[in-house]
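Residue-level listing of the chains:
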Amino acid sequence: MSIPKYNEIMPNILRYLAEHGEQQFRSLEQPLASEFKLTEKQISQEYESGNGTVFLDRISWALSYLTNSGLTERPRRGVYKITDTAQKFLDKSSEEIQQFVKAQMALRTAEQKAMKVEQGFDDDRTELLPTSNQTPQEMLNTAYKSIRQSTYDQIIDTVLSKTPSEFEGLVVKLLERMGYGGEVKNAGTVTQASNDGGIDGIIKEDILGLGKIHIQAKRYARSNTVGREEVQKFVGALAVAQSNKGVFITTSSYSAGAIAYAESLNGTTNLVLINGEQLAKYMYDYSLGMQTKQHIEIKEMDSDFWDGMQNDSKVS
């Protein structure tokens, strides 16, 4: 079974709290994972952005929506229990609960805005209503991935508009930016086009040049495919250069035969194939020809800070 969406978790949370009483937020993870028959790998699966684990984040947002709609409440920080209102939702479907949550949160938002206006204050807050099966964290991640993919396409389009020699220089700079060549000054060089012997660039791994990485760069249109024959020719060029380290980089893709051939070398020659998508990703990640447009800072409560304070037992 796949990891359930936040709205699919809500009925299980209500039933579990009804049966077991108030619970710490994190103590819900294992029993809910057992109900949904999740594997340890699924439980520990993280977002690509590194912003926490997917399942626990979905539990967190399910609880947030349930609380904001009056189906659960927090008697203490990080502790949840169901309300009297929730009793009639224990046998409801996730769709029915989500509709109730959405309606209650919309009503709550409208009341808060009206109060602010009445008091003469502007209210520019945006309430994230549960209009889809994604949590706000997931919507942010989806937008982030979409922006990255769009930028990848722009990178390849731009690279394809440059000359082959510029592309050769670009991939040498990229490998240097990725750390190959270490502290060697001017570690990367582009070979002369008239006498490159099938090698477009070289990275010296040490000052004396005893270790070298040889590069083949093919600036092909996206629709083209690098076949096995071209990869074999590059391996032959590596043999002539007495090198067992090579990187073949293209703006397009590789055929299944080319990939199978590279994998069959079994360490006799260390060959890495980088296609257009990977090339764009590396340029993005290592900021080659890129500039940071915007930083978004997201904060969460510091448990160590707040848990170090004494709770007021008189608060209901």
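Residues numbered from 1 in each chain as written. Predicted model: local features only at pLDDT ≥ 70, side-chain atom pairs only at ≥ 80, totals over all residues. Heavy atoms only, no water.

Trainee: In this structure, what is going on with the environment of Phe167? I would like to understand it.
Mentor: Within the fold, Phe167 resides in helix α7 (residues 164-177). Exposure remark for Phe167: the relative accessible area of 1% places this residue in the buried category. In this view, Phe167 contacts Val159, Ala217, Lys218, Arg219, Ile249, Thr251 and Leu279; residues no more than four positions away in its chain are not counted. (Helix = DSSP H or I, 4+ residues; strand = E, 2+ residues; numbered from the N terminus. Buried < 20%, exposed > 50% of the residue type's maximum accessible area, 1.4 Å probe, protein only. Contact = heavy atoms within 4.5 Å.)

Trainee: Explain unusual backbone geometry to me, please; I cannot follow it from the model alone.
Mentor: What is expected of a backbone is that most residues other than glycine have negative phi and most peptide bonds are trans. In this structure, Lys37 takes a positive phi of about 55 degrees despite not being glycine. Position of Lys37 among the secondary structure elements: in the loop between α2 (29-35) and α3 (40-43). With relative accessibility at 65%, the residue Lys37 sits in the exposed group. Here Ser287, not a glycine, exhibits a phi torsion of approximately 55 degrees, which is positive. Tracing the sequence through the fold places Ser287 in the loop between α10 (276-285) and α11 (303-307).

Trainee: Would you mind showing me how to read a negative patch on the surface here?
Mentor: Together, Glu8, Asp91, Glu95 and Glu96 give the surface a local cluster of negative charge. Of note, Glu8 is situated in helix α1 (residues 6-20). (Patch = residues over 30% accessible without salt bridge, like charges linked within 9 Å, V, L, I, M, F, W, Y side chains within 5 Å. Areas by Shrake-Rupley, 256 points an atom, 1.4 Å probe, with all protein chains shown as cover. Salt bridge = Lys/Arg side-chain N within 4 Å of Asp/Glu carboxyl O. Lys, Arg positive; Asp, Glu negative; His and termini not counted. Charge placed at Lys NZ, Arg CZ, Asp CG, Glu CD.)

Trainee: In this structure, what is going on with the pattern of salt bridges? I would like to understand it.
Mentor: Tallied over the full model, the rule gives eight salt bridges. In this structure, Lys233 engages Glu229 in a salt bridge whose closest nitrogen and oxygen atoms are separated by 3.7 Å. Taken together, the residues span about one helical turn, with Lys233 and Glu229 both in helix α8 (residues 228-240) at a distance of four residues. Across this residue pair, the class does not change: Lys233 and Glu229 are exposed. Here Lys281 makes a salt bridge to Asp285, at a shortest N to O gap of 2.7 Å. Taken together, the positions of Lys281 and Asp285, both in helix α10 and four residues apart, correspond to about one turn of that helix.

Trainee: Explanation requested: the packing of helix α6 (residues 136-160) against α10 in the structure shown.
Mentor: When two helices pack together, their arrangement is given by the angle between the helix axes and the distance between those axes. In the contact formed by α6 and α10, the axes pass within 9 Å of each other and the chain directions differ by 105 degrees. Taken together, the axis directions place α6 and α10 in an arrangement best described as roughly perpendicular. Facing α6, whose interface residues are Arg148, Gln149, Thr151, Tyr152, Ile155, Ile156 and Val159, α10 presents Gly276, Glu277, Leu279, Ala280, Lys281, Met283, Tyr284 and Asp285. Broken down by class, the residue content of the contact of α6 with α10 amounts to eight nonpolar, three polar and four charged. (Axes fitted to C-alpha atoms, helices over the stretch in contact; angles between N-to-C directions. Parallel < 35°, antiparallel > 145°, perpendicular 65-115°, else oblique. Nonpolar A, V, L, I, M, F, W, Y, C, P; charged D, E, K, R; others polar.)

Trainee: What's the story with the sheet that holds strand β3 (residues 79-82) in this structure? I'm lost.
Mentor: Sheet strands pair via backbone hydrogen bonds, and the direction of the pair is either parallel or antiparallel. Pairing is antiparallel across the open sheet formed by three strands, whose spatial order is β1-β3-β2. Strands with a single pairing partner mark the edges of an open sheet, and in this sheet they are β1 (23-24) and β2 (72-76). In terms of strand pairing, β2 meets β3 through three bridges, oriented antiparallel. Within the sheet, the bridge partner assigned to Arg76 lies in β3 and is Val79. Of the strands in this sheet, β1, β2 and β3 are in contact with α1, which crosses β3 at around 90 degrees. (Pairing = 2+ DSSP bridges.)

Trainee: Would you explain the sheet that holds strand β10 (residues 270-274) in this entry?
Mentor: If you trace the five strands from one edge of the open sheet to the other, you get β4-β5-β6-β8-β10, paired in mixed fashion. The open sheet has two edge strands with one neighbour each: β4 (188-190) and β10. The sheet shows a mean angle of 20 degrees between the axes of neighbouring strands, taken without regard to direction. One ladder, built from four bridges, connects strand β5 (residues 201-204) with strand β6 (residues 212-218); its direction is antiparallel. Bridge assignment links Gly201 to a residue of β6, and that residue is Ile215.

Trainee: Would you mind going over the pairing of β3 with me for this structure?
Mentor: Across two bridges, the pairing between β1 and β3 is antiparallel. In the sheet register, Gln24 faces β3, and the bridge partner there is Val79. A loop of two residues connects β2 with β3, the two strands running antiparallel in sequence, and Gly78 in this loop sits at a positive phi of about 80 degrees.

Trainee: How do you make sense of a nonpolar patch on the surface when you look at a structure like this?
Mentor: On the surface, Met301, Phe305, Trp306 and Met309 cluster together to form a nonpolar patch covering roughly 430 Å² of accessible area. As for its placement among the helices and strands, Met301 is situated in the loop between α10 and α11.

Trainee: Is there a simple way to think about the environment of Arg228 in this case?
Mentor: Assignment of secondary structure puts Arg228 in helix α8. Once the C-alpha coordinates of Arg228 and Ser94 are considered, the two residues, 134 residues apart in sequence, prove to be 52 Å apart. Residues in contact with Arg228, not counting those within four places in the same chain, are Ser255, Gly257, Ala258 and Tyr261.

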